[in-house]
Amino acid sequence: MGFDPVDSQYVCPFIGSECTKRGGKEGDKPYPVCAISTLKYGPICVCPKRFHQTPYLRDVMDLVWPGKPYDELSVSNEVTMRGFGRVDHVISEIRDGEIDKFVSVELQSIDFNGSVWPVYDAMRNGEIVDKRPSAGPNWKNVSKRYINQLISKGFFHHHWGTKIYAAIQDKVYDYFRKDADFPTFSDHTDPRLNVVFLIYELRDDPVGKHRGVISLKKVEATHHSNLQNAVLYKSTPEKSAFERAILGSLNR
């Protein structure tokens, strides 16, 4: 027996409203694929709304305002400013009508290459796919785009004297670290560090609801200049290898 999301009006169980993801062969209809599982990497979040299963905003509040009651804080969603772009959330402490302190919060999942439509369609029809799906994480493209965003937004937060908190899955974070090799530190309270990673783990649901469970695994911090230097000053490939590539291109 299959499960068709249309029967529940495409309501996402993590945000309590209609799925915001679009794509696939049904055009503008919701495409409720929030995570994919591969043999190599296991489950990977492909929609940032998937993080809404875990109290990531409260996690940030605990880090920034330890011991303070949450009703003193305000959360603004999807804050946009010209020249800055958009940030998913801003948590601020307001006193006497003025903002006393604020931090930004970003959610980051990952896109995927290929299509998961055959599996999605089979699940809706209660069928089993007869071949392995071709979809997989789009590591390189997302890494380049996201790291550049953190450099830019981290630069602004540095000048504002505040920080940006990035909620990210451990497997995605590990790839970013491998790709850019930037230094990180465990003391996220250090005022010299302005980009803080909240690293979450997606694991099997122990009560068998087949959704998986997200929980905070660790917190690491860096400075936007570390990200910038890691991107700019990667190990240089051998000149001779590039020359061979030039000759190969000429011979095609």
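For the structure itself, consult the block above.
About the thresholds
Residues numbered from 1 in each chain as written. Predicted model: local features only at pLDDT ≥ 70, side-chain atom pairs only at ≥ 80, totals over all residues. Heavy atoms only, no water. Helix = DSSP H or I, 4+ residues; strand = E, 2+ residues; numbered from the N terminus. Contact = heavy atoms within 4.5 Å. Phe/Tyr/Trp six-rings, centres within 6.5 Å; stacked < 30°, edge-to-face > 60°. Buried < 20%, exposed > 50% of the residue type's maximum accessible area, 1.4 Å probe, protein only. Core = buried A, V, L, I, M, F, W, Y, C linked by side-chain atoms within 4.5 Å. Pairing = 2+ DSSP bridges. Axes fitted to C-alpha atoms, helices over the stretch in contact; angles between N-to-C directions.

Trainee: For this particular structure, what's the right way to read the side chain of Asp 170?
Mentor: Looking at the element boundaries, Asp 170 is found in helix H4 (residues 170-180). Filtering out sequence-adjacent residues up to four positions away, Asp 170 remains in contact with Ile 199, Tyr 200, Glu 201 and Lys 217.

Trainee: Could you clarify how one ought to interpret the side chain of Asn 226 in this entry?
Mentor: Within the secondary structure layout, Asn 226 lies in helix H5 (residues 224-232). Look past the residues within four positions of Asn 226 in its chain and what remains in contact with it is Phe 182, Pro 183 and Phe 185.

Trainee: In this structure, what is going on with the packing of aromatic side chains? I would like to understand it.
Mentor: Within a pair of aromatic rings, the relevant descriptors are the distance that separates the centres and the angle that separates the planes. This structure, assessed with the given rule, holds 12 aromatic pairs. Seen from their ring centres, Phe 51 and Tyr 200 are 5.9 Å apart, and the 75° between their planes marks the pair as edge-to-face. Within this pair, whereas Phe 51 is found in the loop between strand E2 (42-45) and helix H1 (56-64), its partner Tyr 200 is found in strand E9 (residues 195-203), the two being separated by 149 residues in sequence. Its relative accessible area of 0% is what places Phe 51 among the buried residues. Residue Tyr 200 is classed as buried on the basis of its relative accessible area of 1%. An angle of 75° between the planes, with centres 6.5 Å apart, marks the rings of Tyr 173 and Phe 182 as edge-to-face. Phe 182 carries the same exposure label as Tyr 173, and that label is buried.

Trainee: For this particular structure, what's the right way to read the nonpolar core?
Mentor: Across soluble globular proteins, nonpolar side chains have a tendency to be buried as a group. With 31 residues, the main nonpolar core has Leu 150, Ile 168, Phe 182 and Phe 197 as its most contacted residues. When residues of this core are traced back to their parent elements, those giving at least two are helix H2 (117-125), helix H3 (139-160), strand E8 (164-169), H4, E9 and H5. Sorting elements by how many residues they give to this core places H3 first, with six residues. With residues up to four places along the chain from it excluded, the contact list for Phe 197 reads Leu 150, Ala 166, Ile 168, Tyr 173, Phe 182, Lys 218, Val 219, Glu 220 and Thr 222. By size, the runner-up hydrophobic cluster in this structure holds 23 residues, among which are Leu 73, Ile 91, Tyr 200 and Leu 202.

Trainee: Whenever I open this one, the sheet that holds E9 confuses me. Can you help?
Mentor: Strands in a sheet are paired, the pairing made by backbone hydrogen bonds, and the direction either parallel or antiparallel. Read from one edge to the other, the open sheet built from six strands follows the order E3-E4-E5-E8-E9-E10, with strand pairing classed as mixed. Each of the sheet's edge strands pairs with one partner strand only, and the pair in question is strand E3 (73-81) and strand E10 (213-222). For this sheet, the mean angle separating the axes of adjacent strands, direction not counted, is 25°. The pairing of E3 with strand E4 (residues 85-95) spans eight bridges and is classified as antiparallel.

Spatial relationships are all this shows, so hold off on functional conclusions.
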